[in-house]
Amino acid sequence: MGGAILMFDGVVHDCRLARNQAQGDIQGGAANGHGRGGAIYMSGGILEDCDILDNIASGNGSANGYGGGVFASTGTIIRCMIANNNRALGSGNGSAYGGGAYLSGIAQLRESTIRGNFTIPAGNNANDSQGGGVYMYNAGVGVSNCVIVSNKADSAGSSASNIRWGGGVHMVNGELHRCIIASNIVTATQSSRGAGGGIYLMNGVVRNCLFYNNICMADATNAPGGGIRMQGGRVENCTVVANRAEGYLTVDSTNDTTLGGGVYRTGGAVTNTIVVLNQIRNPDVSAAVQISGTNRFGYCCSPDLESGIDGNLTTAPFFINPGGADFRLVPQPSGTSIKNKIITRL
């Protein structure tokens, strides 16, 4: 546990933790131990103003890797750069969770950049790859005021049960607040299943965030949710723009629209959110499909919604400088239904 540091309390300040590895141990005579926290394992304390670079968490045999850079069950990570970390597993059936950081319990991640991390299982029978940037497990976990960019949930193995979920974030529960989630990617090959280029949301709350230029792609199946794949939870006051879902299978026109270039929703609710300029692609079609599963969208703005129903609008929003990735809204007259206050600029 913890390639460089095993931490239960105290403060780690202004340090560089680079090229460390946490590898699962041998348990009961078999190499099946999980690897947690390539650079640091936190069960308390504060990690601040640090660079966490090029670390690895890997399991042995059929075990898993958790948190290529940081594994935290408690404690606070603030003003850190977590970059170029990866989780590589043993040769068995292990899975990969949280390329940059794996957060459980009541761990908090604030004012940090999570960039260029990835999850990739190893071996022909490898299992799941979830949360290329961050994996959030418990309701007490919070991520706020962070930039989560250019992370990847990658593919390996050929089993149809393989899943690649959440290029930027995989969120089982918790709260993601005032973050930029951009240019993350999910790749699924052969029979593996990919979903949620920006985030795969199972439960919890995503509020005041920008999802921009994320991609979910698959070589041999469909890849729902270029920006957001929702199984549950709530998305509030967010902007979902210029994301893409790319599938390989040739599908009919009805199924084309279920990919959801911006949001693919099978559960949960979306409120006061803008979903525009997203796309789906496969060999048969390239289309501006923003949303699939249009129930439970309220006071939102998207051309795929029905204007006037549940307070939704279809009118295109006016961004300050979309060409410069400044998706703040131009001030609108009073009485406008969409009152998104997010400040989002890359």
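Quick caveat: nothing in here was measured; it's all calculated off a predicted structure. (Residues numbered from 1 in each chain as written. Predicted model: local features only at pLDDT ≥ 70, side-chain atom pairs only at ≥ 80, totals over all residues. Heavy atoms only, no water.)

*Asks:* Run through the overall build of the protein, naming residues and quoting values.
*Replies:* Helix and strand counts for the protein come out as one helix and 45 strands. Counting the 346 residues in the protein, one finds 57% classified as buried. Counted over contacts in the protein with a minimum sequence separation of 6, partners at least 24 positions apart contribute 76%. Approximately 13,000 Å² of the protein is accessible, and the part contributed by carbon and sulfur atoms is 46%. (Helix = DSSP H or I, 4+ residues; strand = E, 2+ residues; numbered from the N terminus. Buried < 20%, exposed > 50% of the residue type's maximum accessible area, 1.4 Å probe, protein only. Contact = heavy atoms within 4.5 Å. Areas by Shrake-Rupley, 256 points an atom, 1.4 Å probe, with all protein chains shown as cover.)

*Asks:* Give a description of a nonpolar patch on the surface that names residues and reports values.
*Replies:* Side chains of M1, L6 and F8 sit close together on the surface and give an oily, nonpolar patch of about 340 Å² of accessible area. Looking at where L6 falls in the secondary structure, it is placed in strand β1 (residues 5-7). (Patch = residues over 30% accessible without salt bridge, like charges linked within 9 Å, V, L, I, M, F, W, Y side chains within 5 Å. Salt bridge = Lys/Arg side-chain N within 4 Å of Asp/Glu carboxyl O.)

*Asks:* Lay out the side chain of R164 in plain terms, naming residues and giving numbers.
*Replies:* Mapped onto the fold, R164 is located in strand β23 (residues 163-165). Of the side chains with opposite charge, D128 lies nearest to the buried R164, which makes no salt bridge, at 4.9 Å. One polar contact links the side chain of R164 to the main-chain carbonyl oxygen of D154, over a distance of 3.2 Å. (Lys, Arg positive; Asp, Glu negative; His and termini not counted. Polar contact = N/O pair within 3.5 Å; in protein donor to acceptor, adjacent residues only side chain to side chain.)

*Asks:* Any chance you could break down the packing of aromatic side chains for me, citing the residues and the numbers?
*Replies:* Scanning the model with the defined rule gives twelve aromatic pairs in all. Ring centres of Y66 and Y102 lie 5.1 Å apart, and the angle between their planes is 80°; this geometry places the pair in the edge-to-face category. Of this pair, Y66 sits in strand β9 (residues 65-66) while Y102 sits in strand β14 (residues 101-103); the two residues are 36 residues apart in sequence, bridging distant segments of the chain. According to the relative accessible area criterion, Y66 is buried, its value standing at 12%. Residues F319 and F327 carry aromatic rings whose centres are separated by 5.2 Å and whose planes lie at 90° to one another, so their mutual orientation is edge-to-face. Side by side, F319 and F327 carry an identical accessibility label, which is buried. A connected cluster of aromatic rings, assembled from ring pairs, spans Y41, Y66, F71, Y97, Y102, Y135 and Y137. (Phe/Tyr/Trp six-rings, centres within 6.5 Å; stacked < 30°, edge-to-face > 60°.)

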